[in-house]
Amino acid sequence: METEFDIAGLVGAALEARDRAYTPYSHYTVGAALLTAEGDIYQGGNIENASYGATNCAERTAIFKAVSEGRRRFRAIAIAGGMEGQEPVDYAYPCGICRQVMKEFAGEDFRIIVVKTATDYKVYTLEELLPHGFGGSSIQ
Ligand code: THU
């Protein structure tokens, strides 16, 4: 299925979400914008912790916000990252843990948009970023 949603709007929401990331340790700010099947956008930023392992990535912040509000069907997530106070210098690919969390909720038509600028981004399927992934169907 081709993308039938406002990609530019979602990309802009991811770039904006970076402003609210909490990154006193790495100073690398990530913003994510998750589009639900209903057409709503949930934004998230990375939230770091003095105990580094307790840090939550931007993608999971957005996904957990949405799921905790009762949303479970998603069309796409846009991700943007770069050093605090600076524009991104590269595309922001999701970490392995976030790809696994996406696997839990992504349908066939789910798209992952890695953002460099408002007009420079790439679109992937989850299968491309997490081939042969482990999901709920494996344990039925
Ligand atoms: N980070 C994300 O928010 N998403 C990713 O997919 C990769 C990493 C965050 C976690 C940490 O706050 C910072 O980037 C540096 O690892």
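All values derive from a computational prediction rather than experimental measurement.

In the vicinity of the ligand, the contacting residues are Ser26, Tyr28, Val30, Asn46, Glu48, Thr55, Cys57, Ala58, Glu59, Tyr93, Pro94 and Cys95. A distance of 2.9 Å separates an oxygen atom of the ligand from a polar side-chain atom of Asn46. At a separation of 2.9 Å, an oxygen atom of the ligand approaches a polar backbone atom of Cys95. When the ligand is considered free in solution it has 380 Å² of accessible area, and contact with the protein chains removes 75% of it. Sorting the residues of the shell around the ligand by element identifies strand 1 (28–36) and helix 2 (58–68) as the ones contributing at least two each. Residue classes in the shell around the ligand are distributed as seven nonpolar, three polar and two charged.

This paragraph deals with a negative patch on the surface. Side chains of Glu4, Glu108, Asp109, Glu127 and Glu128 sit close together on the surface and give a patch of like negative charge. The set of elements that each furnish at least two residues to the negative patch consists of strand 4 (106–115) and helix 4 (126–129). Counting through the fold element by element, Glu128 comes out in helix 4. By relative accessible area, Glu128 is classed as exposed at 51%.

Quick look at the pattern of salt bridges now. A side chain with one charge may pair with a side chain of the opposite charge, provided their charged atoms come close. Counted by the stated rule, this structure contains four salt bridges. Between Arg20 and Glu16 there is a salt bridge whose closest N-O contact spans 3.8 Å. Given the relative accessible area of 41%, Glu16 is considered partly exposed. Notably, a salt bridge pairs Arg71 with Glu38, separated by 3.5 Å at the nearest N-O pair. One end of the pair, Arg71, is in the loop between helix 2 and strand 3 (74–83); the other, Glu38, is in the loop between strand 1 and strand 2 (41–45), and 33 residues separate them in sequence. A relative accessible area of 44% means that Glu38 is categorised as partly exposed. Look at the salt bridges and you will find they share partners, linking Glu38, Asp40, Arg71 and Arg73 into a network.

Attention now goes to the pairing of strand 4. Note that strand 3 and strand 4 share six bridges and pair parallel. Looking across to strand 4, one finds that Ala80 is bridged to Val115. Sheet analysis places strand 4 next to strand 5 (residues 121–125), joined by five bridges and oriented antiparallel. By the bridge assignment, Arg111 is partnered in strand 5 with Thr125. The turn joining strand 4 and strand 5, which pair antiparallel and follow one another in sequence, is formed by five residues.

Here Thr23 lies in the loop between helix 1 (7–17) and strand 1. Given a relative accessible area of 4%, Thr23 falls into the buried group. At 2.5 Å, the side chain of Thr23 and the side chain of Glu84 are in polar contact. Setting aside residues no more than four positions away along its own chain, Thr23 makes contact with Tyr28, Thr29, Asn46, Glu48 and Glu84.

All right, on to the packing of helix 2 against helix 3 (residues 96–105) then. The N-to-C vectors of helix 2 and helix 3 enclose an angle of 25 degrees; their axes lie 9 Å apart at closest approach. Taken together, helix 2 and helix 3 sit at an angle that is classed as roughly parallel. The chirality of how helix 2 crosses helix 3 is left-handed. In this structure, helix 2 uses Glu59, Arg60, Ile63, Phe64 and Val67 to contact helix 3, whose residues at the interface are Ile97, Cys98, Val101, Met102 and Phe105. Across the contact of helix 2 with helix 3, the residue classes break down as eight nonpolar, no polar and two charged.

Calculation notes
- Residues numbered from 1 in each chain as written.
- Predicted model: local features only at pLDDT ≥ 70, side-chain atom pairs only at ≥ 80, totals over all residues.
- Heavy atoms only, no water.
- Near = heavy atom within 4 Å.
- Polar contact = N/O pair within 3.5 Å; in protein donor to acceptor, adjacent residues only side chain to side chain.
- Areas by Shrake-Rupley, 256 points an atom, 1.4 Å probe, with all protein chains shown as cover.
- Helix = DSSP H or I, 4+ residues; strand = E, 2+ residues; numbered from the N terminus.
- Nonpolar A, V, L, I, M, F, W, Y, C, P; charged D, E, K, R; others polar.
- Patch = residues over 30% accessible without salt bridge, like charges linked within 9 Å, V, L, I, M, F, W, Y side chains within 5 Å.
- Salt bridge = Lys/Arg side-chain N within 4 Å of Asp/Glu carboxyl O.
- Lys, Arg positive; Asp, Glu negative; His and termini not counted.
- Charge placed at Lys NZ, Arg CZ, Asp CG, Glu CD.
- Buried < 20%, exposed > 50% of the residue type's maximum accessible area, 1.4 Å probe, protein only.
- Pairing = 2+ DSSP bridges.
- Contact = heavy atoms within 4.5 Å.
- Axes fitted to C-alpha atoms, helices over the stretch in contact; angles between N-to-C directions.
- Parallel < 35°, antiparallel > 145°, perpendicular 65-115°, else oblique.
- Left-handed = near helix turned anticlockwise from the far one by under 90°.

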